[in-house]
Amino acid sequence: MTQSRLIQFIHGLSSRIGQFCAYIVLLMTFVSAINALLRYVGKFLGTNLTSNALVEAQWQLFAASFLLGSAYVLSCDKHVRVDVWYGRQGERGKAWINIAGTLLFLIPFCLFGMWSSWDYVLNSWSRWEVSNSSGGLPLYPIKTLIPVSFFLLLLQGIALLLSSLFSKEES
């Protein structure tokens with residue numbers, strides 16, 4: 001697979017995951033609305049209609065959209081960046097900043113994130129960890145997204161690095 005095909009594949013993967021995240025956000029909004037509606041109706045009826053599972057589903061969906069969406073945000077160049085120098089640079093200067101930032105910060109950060117979360121996730125799976133809340137949801141699936149998100153971000157970082165190297169060569 002050539003570098004340009006690899007870059008296109010990674011961008012396509014990030015884009016599909018980003019589209020999936022849009023559905024996660026839509027589902028999260030629906031769960032949130034249902035939870036609020038049940039809370040107010042329950043208050044009116046004098047009974048509790050909500051559940052811990054609904055509240056946990058909300059935060060787990062938010063966590064999933066945040067974790068899985070990070071690579072997509074990087075692929076769209078919408079990530080957080082100190083724009084003091086970057087915005088004033090030409091294409092070649094931007095490429096150098098992307099190369100340096102990816103090699104010095106992004107790749108080590110992703111590798112550290114995958115390494116440091118691995119035991120945490122394995123421990124959760126070994127116990128089939130469930131929330132301590134009454135009626136709570138399993139935690140091991142959402143915890144699994146931590147190293148997965150770092151891996152996807154690493155892939156997108158590699159695509160950014162290759163794109164920056166190619167754009168620098170062409171300048």
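Residues numbered from 1 in each chain as written. Predicted model: local features only at pLDDT ≥ 70, side-chain atom pairs only at ≥ 80, totals over all residues. Heavy atoms only, no water.

**Re the environment of Ser-164**
Logical step 1: Mapping Ser-164 onto the fold places it in helix H5 (residues 140–170).
Logical step 2: Under the relative-accessibility criterion, Ser-164 is labelled buried at 3%.
Logical step 3: Taking the C-alpha atoms as reference points, Ser-164 and Arg-92, 72 residues apart in sequence, are found 8.5 Å from one another.
Logical step 4: Those residues in contact with Ser-164, other than ones at most four positions away along the chain, are Ala-95, Asn-98 and Ile-99. (Helix = DSSP H or I, 4+ residues; strand = E, 2+ residues; numbered from the N terminus. Buried < 20%, exposed > 50% of the residue type's maximum accessible area, 1.4 Å probe, protein only. Contact = heavy atoms within 4.5 Å.)

**Describing the packing of aromatic side chains**
Logical step 1: Enumeration over the complete set of coordinates arrives at 5 aromatic pairs.
Logical step 2: Of the aromatic side chains, those joined through ring pairs into one cluster are Trp-125, Trp-128 and Tyr-140. (Phe/Tyr/Trp six-rings, centres within 6.5 Å; stacked < 30°, edge-to-face > 60°.)

**With respect to the side chain of Ser-117**
Logical step 1: Topologically, Ser-117 is positioned in helix H4 (residues 91–126).
Logical step 2: One polar contact links the side chain of Ser-117 to the main-chain carbonyl oxygen of Gly-113, over a distance of 2.8 Å.
Logical step 3: Sequence-distant contacts of Ser-117, that is, excluding residues within four places in its chain, are made with Ile-146 and Pro-147. (Polar contact = N/O pair within 3.5 Å; in protein donor to acceptor, adjacent residues only side chain to side chain.)

**Considerations on the nonpolar core**
Logical step 1: Membership of the largest hydrophobic core comes to 15 residues, with the highest contact counts inside it found for Leu-68 and Leu-145.
Logical step 2: If you list the elements that add at least two residues to this core, you get helix H1 (3–45), helix H2 (52–75) and H5.
Logical step 3: Ranked by residue count, the leading element in this core is H2, at 7 residues.
Logical step 4: Contact partners of Leu-68, with chain neighbours within four places excluded, come to Ile-17, Phe-20, Cys-21, Ile-24, Leu-145, Val-148, Ser-149 and Leu-152. (Core = buried A, V, L, I, M, F, W, Y, C linked by side-chain atoms within 4.5 Å.)

**What about unusual backbone geometry?**
Logical step 1: Positive phi values are uncommon outside glycine, yet Trp-128 reaches one of about 50°.
Logical step 2: Structurally, Trp-128 can be placed in the loop between H4 and H5.

**Thoughts on the environment of Phe-105**
Logical step 1: Its place among the elements puts Phe-105 in helix H4.
Logical step 2: Take Phe-105: its relative accessible area is 61%, and that puts it in the exposed class.
Logical step 3: Sequence-wise, Phe-105 and Asn-35 are 70 residues apart; in three dimensions their C-alpha atoms are separated by 40 Å.

**Some details on the packing of H1 against H2**
Logical step 1: Look at H1 against H2: their axes get within 8 Å of each other, and the N-to-C directions meet at 155°. By the angle between their directions, the pair H1 and H2 is classed as roughly antiparallel. In this structure, H1 crosses over H2, and the sense of that crossing is left-handed.
Logical step 2: Each residue belonging to the contact of H1 with H2 can be placed in one class, and the counts come to 18 nonpolar, 10 polar and no charged. (Axes fitted to C-alpha atoms, helices over the stretch in contact; angles between N-to-C directions. Parallel < 35°, antiparallel > 145°, perpendicular 65-115°, else oblique. Left-handed = near helix turned anticlockwise from the far one by under 90°. Nonpolar A, V, L, I, M, F, W, Y, C, P; charged D, E, K, R; others polar.)

**A few points about the pattern of salt bridges**
Logical step 1: Evaluation of the coordinates by the stated rule reveals 2 salt bridges.
Logical step 2: The salt bridge partner of Arg-127 is Glu-129, with a shortest N-O separation of 3.4 Å.
Logical step 3: Residue class for Glu-129 comes out buried when judged on its relative accessible area of 13%.
Logical step 4: Across the pair Lys-143 and Glu-129 runs a salt bridge, and its minimum N-O distance is 2.7 Å. Remark: Glu-129 occurs in the loop between H4 and H5 and Lys-143 occurs in helix H5; sequence separation between them is 14 residues. Both residues of the pair, Lys-143 and Glu-129, belong to the buried class.
Logical step 5: Connected via shared salt-bridge partners are Arg-127, Glu-129 and Lys-143. (Salt bridge = Lys/Arg side-chain N within 4 Å of Asp/Glu carboxyl O.)

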